[in-house]
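Take a look at the letters that make up each chain.
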Amino acid sequence: MENSTTVSLSTQIGRVALPVCLYNASGARCTTAQDLLALAQSGAGAVLSKSSTMQFREGNPAPRYYETTLGSINSMGLPNLGHEFYGQHAQVHAALQSGKPYIVSVSGLSLEENVSLIGFYNEAAGIDAIELNLSCPNLPGKPQTGYDFEQVQHVLDAVCPLAKQPLGVKLPPYFDIVHFEQMAAILNRYPLAFVTCINSVGNGLVIDAHTETVVIKPKNGFGGLGGDYVKPTALANVHAFYRLLRPEIGVIGCGGVKTGQDAFEHILCGAVAVQIGTQLMREDMPVFARIAYELQTIMQQKGYTRLEDFRGKLRYL
Ligand code: OXC
């Protein structure tokens with residue numbers, strides 16, 4: 001790692017400092033105490049919890065996660081240990097003195113539940129930021145909040161005045177320029193520290209031609225896509241929101257990151273930090289040091305010493 005002395009991957013999400021701009025996507029290896037400890041000891045620059053609800057949730061029936069050469073499909077259904085666990089884990093995380101922030105993901109099943117969760121995490125010591133998930137595609141009968149623009153405003157009206165820690169939202173992917181513009185105009189009205197683009201691309205269908213079946217059980221096989229399938233959509237969302245949001249709102253890139261080049265592309269599109277999901281599931285914790293090394297190598301080849309040298313500087317033809 002001889003290039004690590006000259007090339008810095010440190011970044012800021014609002015007032016939260018990360019020693020390295022790479023960390024886990026919520027959902028990937030971040031549900032249990034063992035997962036969270038492994039993340040704290042890994043090369044990740046932050047630890048983000050699984051999306052939490054008030055109560056423990058078993059989630060959807062298995063099989064509920066499946067990988068192909070091009071990525072993944074999941075319909076986990078928010079399995080998590082409940083809010084008390086993720087609140088208490090904050091103290092364990094702080095005691096480890098890993099030098100990296102602990103971010104809690106919140107995915108209440110109703111507006112009232114989100115209000116209660118954010119109220120609870122406000123009082124829990126050791127939480128550095130909150131990522132409010134507005135985009136889980138895997139709850140049968142519950143639409144993704146991020147596609148209901150009025151509901152997004154109701155939620156933000158209710159939770160923003162409560163949040164003491166830096167608050168961000170995890171968005172679903174948008175596919176229409178007008179939707180980028182409308183959502184950005186809404187988000188610009190709130191004191192958000194960040195937005196994360198993107199959650200999985202909802203309601204894809206992966207099938208097995210040999211067995212003539214779907215590959216996951218919930219929702220007749222429909223689920224959220226990640227990995228290579230989604231990278232161009234993720235980059236489009238990162239770049240659109242980078243251009244449209246107030247500069248104080250950092251965009252966090254998520255989608256299709258399996259190499260240092262993928263992380264470089266997200267940052268070139270404007271991301272202040274980059275999350276890793278499907279590839280973390282495949283490769284486990286060594287993924288962070290590998291991608292960091294590859295990213296540093298690319299930066300060094302190009303003569304860049306810090307992310308701000310190229311962040312958002314995508315050029316047009
Ligand atoms: N996105 C989420 O927000 N949640 C999980 N899957 C996903 O793709 C889940 O738990 O289903």
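One structure accompanies this document, and this report is about it. (Residues numbered from 1 in each chain as written. Predicted model: local features only at pLDDT ≥ 70, side-chain atom pairs only at ≥ 80, totals over all residues. Heavy atoms only, no water.)

## Observations concerning the site of the ligand
Neighbouring the ligand are Lys50, Asn74, Met76, Gly77, Leu78, Pro79, Asn133, Cys136, Pro137, Asn138, Asn199 and Ser200. Separating a nitrogen atom of the ligand from a side-chain N or O atom of Asn74 is a distance of 2.9 Å. Separating an oxygen atom of the ligand from a backbone N or O atom of Leu78 is a distance of 2.7 Å. Burial of the ligand by the surrounding chains reaches 92%, relative to a free accessible area of 290 Å². Counted by class, the shell around the ligand contains 5 nonpolar, 6 polar and 1 charged residues. (Near = heavy atom within 4 Å. Polar contact = N/O pair within 3.5 Å; in protein donor to acceptor, adjacent residues only side chain to side chain. Areas by Shrake-Rupley, 256 points an atom, 1.4 Å probe, with all protein chains shown as cover. Nonpolar A, V, L, I, M, F, W, Y, C, P; charged D, E, K, R; others polar.)

## A short note on the packing of helix H3 (residues 111-123) against helix H4 (residues 149-159)
H4 packs onto H3 with a crossing angle of 30° between their chain directions and a minimal axis gap of 10 Å. Compared by their axis directions, H3 and H4 come out roughly parallel. Crossing handedness for the pair H3 and H4: right-handed. Across the interface between the two elements, Leu111, Asn114, Val115 and Ile118 of H3 pack against Gln151, His154, Val155, Ala158 and Val159 of H4. Of the residues belonging to the contact of H3 with H4, the class tally is 6 nonpolar, 3 polar and no charged. (Axes fitted to C-alpha atoms, helices over the stretch in contact; angles between N-to-C directions. Helix = DSSP H or I, 4+ residues; strand = E, 2+ residues; numbered from the N terminus. Parallel < 35°, antiparallel > 145°, perpendicular 65-115°, else oblique. Left-handed = near helix turned anticlockwise from the far one by under 90°. Contact = heavy atoms within 4.5 Å.)

## Details of the environment of Leu9
By the secondary structure assignment, Leu9 is in the segment before strand S1 (11-13). Distance in space between the C-alpha atoms of Leu9 and Asn80 is 31 Å, their sequence separation being 71 residues. Once residues lying within four places of it in the same chain are set aside, the contact partners of Leu9 are Pro19, Val20, Cys21, Ala292, Leu295, Gln296, Met299 and Leu307.

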